Amino acid sequence: MAQSQGWVRRYLKAFCKGFFVAVPVAVTFLDRVACVARVEGSSMQPSLNPGGSQSSDVVLLNHWKVRNFEVQRGDIVSLVSPKNPEQKIIKRVIALEGDIVKTIGHKNRYVKVPRGHIWVEGDHHGHSFDSNSFGPMQQPFKGQSKLTMEYLTFY
Amino acid sequence: MLRGALGKTFRLLGYTIQYGCIAHCAFEYVGGVVMCSGPSMEPTIQNSDIVFAENLSRHFYGIQRGDIVIAKSPNDPKSNICKRVIGLEGDKILTNSSSDFFKSHSYVPTGHVWLEGDNLKNSTDSRYYGPIPYGLIRGRIFFKIWPLSDFGFLRDSPNGYRFSDD
């Protein structure tokens, strides 16, 4: 009788110990190093989601690369949407602070990107909710999309 | 002896990683202690006060008008600012001081908030750089720890007239 109770207690202790190690480490890894995300929408065609709604690309978001907020022109990044903080959008960095951008469909023809901001656009011009709609974007974004895992596309 | 030392090093490394990760989760998802600097929130928060900030409201989208929040600075992503939320999306904001004869209003766009410091004369806030996206908010300050003479929950805004009633 006492032996089986001791067994249960030891099992619970091991479970709690494992839980408090595994969960924080996993969460920290996903927040700070890298995580996986599925891309939806057609604003980055043909680079991402070339198949449209039939197959969504799965990408690796590299958080480690942007820990100092350093991006280059041409990087694909994932950001919190300025219109809806619950949504994330994936776009390409076109210009950094200080650059002058020739816009497509923005109210001003030429825009100078202010300090601490970046200009992002989707590759599929005209079908993209990007800086041409909401202006230059404040810099802290979610992560950098480094790899496209093509062989994991969902059908 | 070498095996013993190696084992100890690995164990120490393991504990460091584990506690580091727990600390990251606590600061990111629960809250932490923050030291504020600058005069823009006087008299509510003085220079080099220590306050307690919580991050749960941000994750559950529960930031309200009148909350004091910490946000990433729109001009410099590496620094933080500490201001009070005057307006949420859709609110009407007075964009000039009350002494002007013609009052001009603007509306806060969707997904943005309007921030102002309590020390209106000495604060660079949304009156200068416009409304900031909700995604830049890091946490909500609700309790002051230091100095002990001012220990306790934070006061309401001394600039009540800045909240426009509809």
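Residues numbered from 1 in each chain as written. Chains lettered and ligands numbered in written order. Predicted model: local features only at pLDDT ≥ 70, side-chain atom pairs only at ≥ 80, totals over all residues. Heavy atoms only, no water.

What follows deals with the overall build of chain B. Looking only at helices and strands, chain B features three helices and 10 strands. The N-to-C order of helical and strand elements in chain B reads α-β-β-α-β-β-β-β-β-α-β-β-β. For 166 residues, the compact-globule formula gives about 15 Å, and the C-alpha radius of gyration of chain B, at 20 Å, lies well above that figure. Projected onto its principal axes, the C-alpha positions of chain B cover 85 × 40 × 25 Å. By residue count, 42% of the 166 residues in chain B fall in the buried class. The contacts of chain B with a sequence gap of at least 6 include a subset with a gap of at least 24, amounting to 54%. For chain B, the exposed surface amounts to about 9,600 Å²; the carbon and sulfur share of it is 60%. (Helix = DSSP H or I, 4+ residues; strand = E, 2+ residues; numbered from the N terminus. Rg over C-alpha atoms; globule rule 2.2 N^0.38 Å. Buried < 20%, exposed > 50% of the residue type's maximum accessible area, 1.4 Å probe, protein only. Contact = heavy atoms within 4.5 Å. Areas by Shrake-Rupley, 256 points an atom, 1.4 Å probe, with all protein chains shown as cover.)

All names here are of chain B. Its place among the elements puts K144 in strand β9 (residues 137-146). When its relative accessible area of 1% is taken as the criterion, K144 is described as buried. Of note is the side chain of K144, whose polar atom sits 2.9 Å from the side chain of D49. When residues no more than four places from it in sequence are discounted, the contact partners of K144 are T44, I45, Q46, D49, I50, V51, D150, F151, G152 and L154. (Polar contact = N/O pair within 3.5 Å; in protein donor to acceptor, adjacent residues only side chain to side chain.)

Let us now look at the interface of chain B and chain A. Listed by partner, the interface residues are 20 residues for chain B and 21 residues for chain A. Between chain B and chain A, roughly 1,900 Å² of surface is buried when both sides are summed, and carbon and sulfur atoms account for 66% of that area. It is H24, Y61 and P77 of chain B in chain B that bury the most area against chain A; as a group they hold 25% of the surface buried on that side. Counting every contact that joins chain B to chain A gives zero salt bridges. Where chain B touches chain A, the interface holds seven residue pairs in polar contact (both at pLDDT 80 or more). When residues of the side of chain B that touches chain A are assigned to their parent elements, the largest contribution, seven residues, is made by helix α1 (residues 2-30) of chain B. (Buried area = accessible area lost by both parts, 1.4 Å probe. Salt bridge = Lys/Arg side-chain N within 4 Å of Asp/Glu carboxyl O.)

When a strand is regular, its side chains alternate between the sheet's two faces. Residues and elements named next belong to chain B. Most of strand β4 (residues 80-87) sits out of view: seven of its eight residues are buried. Sheet topology note: the strand β3 (residues 68-72)/β4 ladder contains five bridges and is antiparallel. Bridging from a neighbouring strand, V69 pairs with K83 of β4. Pairing of β4 with strand β7 (residues 112-116) involves three bridges; the strand directions are antiparallel. Bridge pairing links V85 to L115 in β7. (Pairing = 2+ DSSP bridges.)

Here we come to the confidence of the model for chain A. Residue and element names in this part refer to chain A. Of the residues in chain A, 86% reach a pLDDT of 70 or more, and the chain-wide mean stands at 78. Least confident of the elements in chain A is strand β9 (residues 143-148), whose mean pLDDT is 47; most confident is strand β5 (residues 100-102), at 88. Contacts from residues 146-155, a stretch scored under 50 in pLDDT, to residues over four places away or in other chains number 22 contacts. (pLDDT = per-residue confidence, 0-100.)

Given two aromatic rings, one states the distance between the centres and the angle between the planes to describe the pair. All told, the structure shown has 12 aromatic pairs over all chains when counted by the stated rule. Consider the rings of W7 of chain A and Y11 of chain A, whose centres lie 6.1 Å apart with planes at 15°: the pair is stacked. Of this pair, W7 of chain A and Y11 of chain A both sit in helix α1 (residues 2-32), four residues apart, which is roughly one turn of that helix. The exposure classification of W7 of chain A matches that of Y11 of chain A, with both residues exposed. Look at Y128 of chain B and Y129 of chain B: their rings are 6.3 Å apart centre to centre, the planes differ by 75°, and that puts the pair in the edge-to-face class. Exposure remark for Y128 of chain B: the relative accessible area of 62% places this residue in the exposed category. (Phe/Tyr/Trp six-rings, centres within 6.5 Å; stacked < 30°, edge-to-face > 60°.)

Moving on, we get to the layout of surface pockets. The computed volume of the second largest pocket comes to approximately 450 Å³. What lines the second largest pocket is a set of 22 residues, among which F134, G135, P136 and Q138 of chain A together with H112 of chain B lie closest to the centre. Elements represented by at least two residues in the lining of the second largest pocket include exactly α2 (131-134) and β8 (137-138) of chain A. Looking at the lining of the second largest pocket residue by residue, the class counts come to 11 nonpolar, eight polar and three charged. (1 Å grid on protein atoms, 1.4 Å probe; cavity = no way out; pocket = protein on both sides within 12 Å on 5 of 7 lines; lining within 4 Å. Points joined across faces, edges and corners; volume = space filled by probe spheres on them. Nonpolar A, V, L, I, M, F, W, Y, C, P; charged D, E, K, R; others polar.)

Look at the UniProt record and you will see "domain: Peptidase S26" (unreviewed entry) annotated at residues 14-103 of chain A. In residues 14-103 of chain A, helix accounts for 21% and strand for 29%; the two terminal C-alpha atoms are 59 Å from one another. (UniProt positions renumbered as here; feature names shortened; annotations may be inferred.)

What follows is about a nonpolar patch on the surface. Residue and element names in this part refer to chain A. Taken together, the side chains of F15, F19, F20 and V23 define a hydrophobic patch exposed on the protein surface, amounting to about 410 Å² of accessible area. For F20, the location among the structural elements is in helix α1. Overall, F20 belongs to the exposed group, its relative accessible area being 51%. (Patch = residues over 30% accessible without salt bridge, like charges linked within 9 Å, V, L, I, M, F, W, Y side chains within 5 Å.)

Under the feature "domain: Peptidase S26" (unreviewed entry), the UniProt entry names residues 20-94 and 101-146 of chain B. A helix fraction of 20% and a strand fraction of 37% characterise residues 20-94 of chain B, whose end C-alpha atoms lie 45 Å from each other.

What follows concerns the UniProt feature "active site" (unreviewed entry) in chain B. Residue and element names in this part refer to chain B. Within this structure's numbering, the places UniProt gives as "active site" (unreviewed entry) are S40 and K83. For this annotated set, covering 44 residues, all C-alpha atoms fall within 7.8 Å of each other, a compact arrangement in space. Turning to its location among the elements, S40 is positioned in the loop between β1 (31-36) and β2 (49-54). Aside from chain neighbours lying at most four places away, what touches S40 is C82, K83, G117, D118, N119, N122 and S123. A polar atom in the side chain of S40 sits 2.8 Å from the side chain of K83. One can find K83 in strand β4. Given a relative accessible area of 6%, K83 falls into the buried group. Aside from chain neighbours lying at most four places away, what touches K83 is S40, M41, D67, I68, V69, L115, E116, G117, S123, T124, D125 and Y129.

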